[in-house]
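Below, each chain spelled out in residue letters.
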Amino acid sequence: MKRLLWLLALLLVPALWAAGVAGLARRIVQAGLDPEECYRVRELNFAKEDLRFYLTDGHLIFSKPVEGVRTAAVFTADVEGGDAEVLLFPPNRSERLSLANYTDSPNMSEHFKSAVFIFTDDTFIRLSEDIRAREWHRKSPEQGVLLAQTWEPVLRNMASSYQIRLVGDFLSGGRPQPGFFFAALAGLKLGNFDLLYDSRADEQITVGQVAVKEGRTYFDIWTRFPARSFRTRTREAPGLDLAVSNYRVDAIVEPDLRLRVKTAVRLVATPEDRRAVTFYISRQMKVTEALIDGEPAEVFQPESLRANLIRGGSNDAFLVVPPRELVPGRAYELEFRHEGAVVSDAGNGVYYVGSRGSWYPSRGLQFSRYDLTFRYPKDLNLVATGQVVDDVVEGHWRVTRRRAEGRVRVAGFNLGDYEHRAVTRGGYTVEVYANRRVERALEPKTQRVLLMPSPRSLTAAGQRRPLEVLTVPIEPARPDPTARLERLAAEVAAGLEFMTARFGPPPLRTLTVSPIPGTFGQGFPGLLYLSTIAYLEPEERPAGARNEPYETFFSEILSAHETAHQWWGNVVTTAAYQDEWLMEALANYSALLLLEKRKGTRALEAALAQYKTQLLAKTEGGRVTDSAGPIVWGLRLESSQVPAAWRTIVYGKGSWIMHMLRRQMGDERFLAMLGEFRRRYQYRAVTTEQFRRLAVQFLPPRFPDPQLEAFFEQWVYSSGIPSLRLNYSVRGKPPAVRISGTLTQRDAGPEFSAWVPIEVQYAKARPIVHWVRSSDGAVPFNLTVRQAPSKVVLDPASSVLRR
Ligand SMILES: [Zn+2]
């Protein structure tokens, strides 16, 4: 039977494929609307699990079929009294809060005047059955002609954004997944917004809006959550088993900096891959050819902005269509040829590598072996992930082959006209490369030039964003990027040693540090990119970068943060956006630990105070930045409402969360926890809850929040920064001295509550810490101690993030 089905599939498929995938995509996108399938509908209701649509009165027109399949419809409430509504009740407090942030209501009941639906699920079948079953739905071909004229351009535009998915689902003929459903609505109150139901996603329901602010396009996610049947586990989301491994990359850097690459990779096919395999690559890269086990496969790589925005990654998906069906579970050898301009010239022989993590095809980040060969003009230096295994000069070219001795999730490279220093300590080598000159933007006599920001579009799916500061005003000095080379190498080596002693060995034995124009840094396995500014003596930096907090950022935090990512992000990793904060918080707090060791506790406290200031900074809407949402919303925090919220909350509040845990545990237990975190989860993806359960094991005995549930609920899963005040009085005589007091909390809303340390200090004895749980308003407390205290102090060691 199985064999027969397979034969059938073989017979059907070539008919589709003969026309080519691009041709199929064109036919789907340009199918147009079908006036013969236009209806005046009343009370036509349907649901996509939690999303419920009520087409109360109006016209509905379907698209023309392609190979017998209709993939779109348009609804308009263009009749007297016409109406339609969508209802949505997010399933938890956090998502209701998110929806309310954007729409002023925790639930959605929005009337709309028109809708474009695009789908590969059973929408057409279900709706047309309903239409046929009720006599009050009437065919309306005349109206259909008018609607087709008006709506076809809109539909084409939206369908082209989804063409990768449409074609992929089309080719797999509804198997094995039941497709997706997308709706673009024109709401009466909320304006244009999108709803997506995708059974292949980790969280199947997404509602949000495309918004442009200061020239940048955002997809503001109003709410995103698993659909009902997945919450109740009636259905299971497909696992993230995207097994690709053994990357072999052969890259040529042409004298004009264009990159021409052959990438070979082993793929174990999943059921979704049978007829079309999805990969991601930078928009700057054109995939020109693909082979599967040596046989040519078709490549389909269109532009699809909206779908990418909603997905959250900014790299483009492309499809590889195999010459014959792949067998799930079997391994295949894929070979790609791709080329593009991912290196640009920042002037003075300084080069900027864009698309640092997406210059070769990938399917998200997975631990893999990498073997990289670069051929490049011999007057350049090129550094990359891994150790050099071969390095020769051939005429005008230099050819360097590198291999990562362990498995890593991503491989990067950098190039320039470098000077370099190496420091070896305890079996690990740090190699620091510096450009001989600075980029034009940092040169004397230039006009004010904007530094290159870290382009968002260069982040692969699931990949960390670069750490950066906001624009720094440029007022150039006479900078020499090699001046600090010696010290920078010693500093990075000291940082690597400090962290290795606490977190265990880094993933690779060689850590290469290389410069990048701009104000940011990024930590790849075995390879750090550091802003050129970090290479300069503080007094040679641009004027704005010489003041605090920028000086500390470029001198202390940036390189240590990126070094710490060797462990947090490249040994222990995360899979979901909700957990990504852990890696940033740990990397940044590791940098603060190093800062504290080098510059003292004052320096650590100054950095934390700076983060607090940023968290409490008022947004345009008059709220504080922290209130944009809980840290577990991750990249969702980067919205048009508060563009800086992601950075401020993930780094700043994330550092505070680690600091508060440290204060609750004490230094020794906290460091032991970090060591254990690495041991327990190395080369695995970890979740926030796994981290909480680990932290619990390192709490001191009799800690009042023994499961850290209150702590995580308040600081991780919600937002809010309270003001706290202590009043107390002391009565009685030793050995029964009575302390009565109140702890008053304001500014964090009625639901906020946190455990707060109150320290009873003595002239001649060790202090006693008493924990009181705050809540909105005044909380009384009483304790009896044996001696008269000299003072009773609220939170003396900044253990609580408060105003
Ligand atoms: Zn980072």
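Basis of the calculations
Residues numbered from 1 in each chain as written. Predicted model: local features only at pLDDT ≥ 70, side-chain atom pairs only at ≥ 80, totals over all residues. Heavy atoms only, no water. Salt bridge = Lys/Arg side-chain N within 4 Å of Asp/Glu carboxyl O. Buried < 20%, exposed > 50% of the residue type's maximum accessible area, 1.4 Å probe, protein only. Helix = DSSP H or I, 4+ residues; strand = E, 2+ residues; numbered from the N terminus. Expected span 1.5 Å × (residues − 1). Phe/Tyr/Trp six-rings, centres within 6.5 Å; stacked < 30°, edge-to-face > 60°. Lys NZ or Arg CZ within 6 Å of the ring centre and 35° of its normal. Donors = N, O, S within 2.8 Å, 3.2 Å for Na, K, Ca; no water. Core = buried A, V, L, I, M, F, W, Y, C linked by side-chain atoms within 4.5 Å. Contact = heavy atoms within 4.5 Å. Pairing = 2+ DSSP bridges. Axes fitted to C-alpha atoms, helices over the stretch in contact; angles between N-to-C directions. Polar contact = N/O pair within 3.5 Å; in protein donor to acceptor, adjacent residues only side chain to side chain. Parallel < 35°, antiparallel > 145°, perpendicular 65-115°, else oblique. Left-handed = near helix turned anticlockwise from the far one by under 90°. pLDDT = per-residue confidence, 0-100. Nonpolar A, V, L, I, M, F, W, Y, C, P; charged D, E, K, R; others polar.

K.L.:
In this structure, what is going on with the pattern of salt bridges? I would like to understand it.
P.N.:
Side chains that differ in charge, positive against negative, can pair when their charged atoms come close. In the structure shown here, the tally under the stated rule is 50 salt bridges. Notably, a salt bridge pairs Asp 391 with Arg 398, separated by 2.6 Å at the nearest N-O pair. Arg 398 sits in the partly exposed class, given a relative accessible area of 24%. Of the charged contacts in the structure, one is a salt bridge between Glu 676 and Arg 679, with a shortest N-O distance of 3.3 Å. You can see Glu 676 and its partner Arg 679 sitting in helix H15 (residues 667-681), three residues apart, about one turn around the helix.

K.L.:
Would you take a moment to explain unusual backbone geometry for this structure?
P.N.:
Excluding glycine, a negative phi dihedral is what most residues carry, and trans is how most peptide bonds are arranged. Here the amide bond leading from Glu 548 into Pro 549 is cis, since omega sits at 5°, within 30 degrees of zero. You can see Pro 549 is positioned in the loop between helix H10 (532-535) and helix H11 (550-564). In this model, Pro 734 is joined to Pro 735 through a cis peptide bond whose omega is 5°. With respect to the secondary-structure elements, Pro 735 resides in the loop between strand E33 (723-731) and strand E34 (737-746). Positioned with a positive phi, Ser 798 is a non-glycine residue whose angle comes to about 40°. When you line up the elements, Ser 798 lands in the segment after strand E38 (791-794).

K.L.:
Is there a simple way to think about helix H9 (residues 485-503) in this case?
P.N.:
Quick reminder: α-helices carry 3.6 residues per turn. Residues three or four places apart thus point the same way. Look at H9: 26 Å from first C-alpha to last across 19 residues, which is about the 27 Å you get at 1.5 Å a residue. The first or second residue beyond H9 is Gly 504, which carries a positive phi of 90°.

K.L.:
For this particular structure, what's the right way to read the packing of aromatic side chains?
P.N.:
In this description, an aromatic ring pair is defined by two values, namely the gap between the centres and the angle between the planes. With the rule as written, the count across this model stands at 37 aromatic pairs. Members of the aromatic cluster, connected to one another through ring pairs, are Phe 503, Trp 567, Trp 568, Phe 677, Tyr 681, Phe 691, Phe 711 and Phe 712. When the ring centre of Tyr 529 is taken as origin, the NZ or CZ atom of Arg 356, which lies over that ring, is 5.6 Å away.

K.L.:
What should I look at first to understand the coordination of the zinc ion in this one?
P.N.:
In ideal tetrahedral geometry, four donors around a metal make angles of 109.5 degrees, whereas ideal octahedral geometry with six donors gives angles of 90 or 180 degrees. Protein-derived ligands of the zinc ion are His 561 (NE2), His 565 (NE2) and Glu 584 (OE), with the metal-ligand distances lying across 2.0 to 2.1 Å. Motif for the zinc ion, donor spacing along one chain: H-x3-H-x18-E.

K.L.:
I keep staring at the nonpolar core and nothing clicks. Help me out?
P.N.:
Within soluble globular proteins, side chains that are nonpolar tend to cluster in buried spots. Of all hydrophobic cores here, the largest spans 110 residues; its most connected members are Trp 568, Trp 581, Met 658 and Phe 677. Aside from chain neighbours lying at most four places away, what touches Phe 677 is Trp 568, Val 572, Met 583, Leu 586, Val 686, Phe 691 and Leu 694. Judged by nonpolar contacts, the second largest core, of 55 residues, contains Ala 251, Val 265, Phe 336 and Tyr 351.

K.L.:
Looking at this structure, how should I read the sheet that holds strand E12 (residues 259-268)?
P.N.:
Across a sheet, strands are paired by hydrogen bonds formed along the backbone, either parallel or antiparallel in direction. Ordered by their spatial adjacency, ten strands build an open sheet running E13-E16-E15-E14-E17-E12-E11-E20-E23-E22, and the pairing between neighbours is mixed. With one partner strand each, in any of the chains shown, strand E13 (277-281) and strand E22 (387-394) form the two edges of the open sheet. On average, adjacent strands in this sheet sit at an angle of 20° to one another, irrespective of strand direction. Packing against the sheet, helix H2 (residues 21-29) makes contact with strand E15 (295-300) and strand E16 (316-321), and its axis sits at approximately 25° to E15.

K.L.:
Explain the environment of Ser 355 here, please?
P.N.:
One can find Ser 355 in the loop between strand E19 (350-353) and strand E20 (370-377). With relative accessibility at 1%, the residue Ser 355 sits in the buried group. As a C-alpha pair, Ser 355 and Met 660 span 305 residues in sequence and 36 Å in three-dimensional space. A polar atom in the side chain of Ser 355 sits 2.7 Å from the side chain of Ser 282.

K.L.:
Would you mind going over the environment of Glu 548 with me for this structure?
P.N.:
Within the secondary structure layout, Glu 548 lies in the loop between H10 and H11. Distance from Glu 548 to Ala 607, taken between C-alpha atoms, is 9.7 Å for residues 59 residues apart in sequence. Within polar-contact distance, the side chain of Glu 548 engages the side chain of Thr 552 at 2.7 Å.

K.L.:
Hey, could you run me through helix H16 (residues 688-696) in this one?
P.N.:
For H16, the tally of buried residues reaches seven of nine residues, placing the bulk of the element in the interior. Within the span of H16, buried status applies to Thr 688, Gln 690, Phe 691, Arg 692, Leu 694, Ala 695 and Val 696. Residues of H16 that are buried in the fold lie against helix H12 (580-599), helix H14 (645-665), H15, strand E32 (684-685) and helix H17 (709-716).

K.L.:
Teacher, can you tell me more about the packing of H15 against H16 here?
P.N.:
Helix packing for two helices is described by the angle between their axes and how far apart those axes are. Relative to each other, H15 and H16 sit at 130°, their axes nearing to 10 Å. Viewed along their axes, H15 and H16 adopt a mutual orientation that is oblique. Regarding H15 and H16, the two cross each other, and that crossing is right-handed. Together, Met 673, Glu 676, Phe 677, Arg 680 and Tyr 681 of H15 and Gln 690, Phe 691, Leu 694 and Ala 695 of H16 make up the contact between the two elements.

K.L.:
Whenever I open this one, the confidence of the model for the chain confuses me. Can you help?
P.N.:
Interpretation of the predicted coordinates at a detailed level should be avoided for regions scoring low in pLDDT. Overall, the prediction assigns the chain a mean pLDDT of 90, with 91% of residues at 70 or greater. In this model, residues 1-18 is a region of pLDDT below 50 whose contacts with residues beyond four sequence positions or in other chains number 15 contacts. Across residues 446-462 the pLDDT falls below 50, and counting only partners more than four positions away or on other chains, this stretch makes 58 contacts in the model.

K.L.:
Even after reading the chapter, I still don't get the packing of H9 against H11, so can you show me in this structure?
P.N.:
Running from amino to carboxyl end, H9 crosses H11 at an angle of 50°, the nearest separation of the two axes being 10 Å. The angle between H9 and H11 falls in the class oblique. In this structure, the crossing between H9 and H11 has a hand that is right-handed. In this structure, H9 uses Glu 491, Val 492, Leu 496 and Met 499 to contact H11, whose residues at the interface are Ser 555, Ser 559, Ala 560, Thr 563 and Ala 564. The residue inventory of the contact of H9 with H11, partitioned by class, reads five nonpolar, three polar and one charged.

K.L.:
Looking at this model, I keep getting lost on the sheet that holds strand E37 (residues 777-785). Mind explaining?
P.N.:
Spatially, three strands are ordered E33-E34-E37 in an open sheet, and the strand pairing comes out antiparallel. Each end of this open sheet is capped by a strand with a single partner; those strands are E33 and E37. The average undirected angle you get between the axes of adjacent strands in this sheet is 20°. With eight bridges joining them, E34 and E37 adopt antiparallel strand pairing. The residue bridging Thr 744 from the neighbouring strand is Ala 778, located in E37.

K.L.:
Would you take a moment to explain the side chain of Ser 774 for this structure?
P.N.:
With respect to the helices, strands and loops of the structure, Ser 774 is situated in the loop between strand E36 (768-773) and E37. Within the structure, Ser 774 has its side chain in polar contact with the side chain of Gln 745 (distance 2.6 Å). Here Ser 774 is in contact with Leu 724, Leu 743, Gln 745, Phe 752, Ser 753, Ala 754, Val 756 and Val 779, once residues within four sequence places are set aside.

K.L.:
I would appreciate a short explanation of the pairing of E12 in the present structure.
P.N.:
Within a regular strand, side chains alternate between the sheet's two faces. Across eight bridges, the pairing between strand E11 (residues 244-253) and E12 is antiparallel. Bridge assignment links Val 244 to a residue of E12, and that residue is Leu 267. Where E11 folds back on E12, the antiparallel hairpin that results is connected by five residues, among which Leu 257 adopts a positive phi of roughly 80°. Relative to strand E17 (residues 331-340), E12 is paired through ten bridges, and the arrangement is antiparallel. In the sheet register, Val 265 faces E17, and the bridge partner there is Leu 334.

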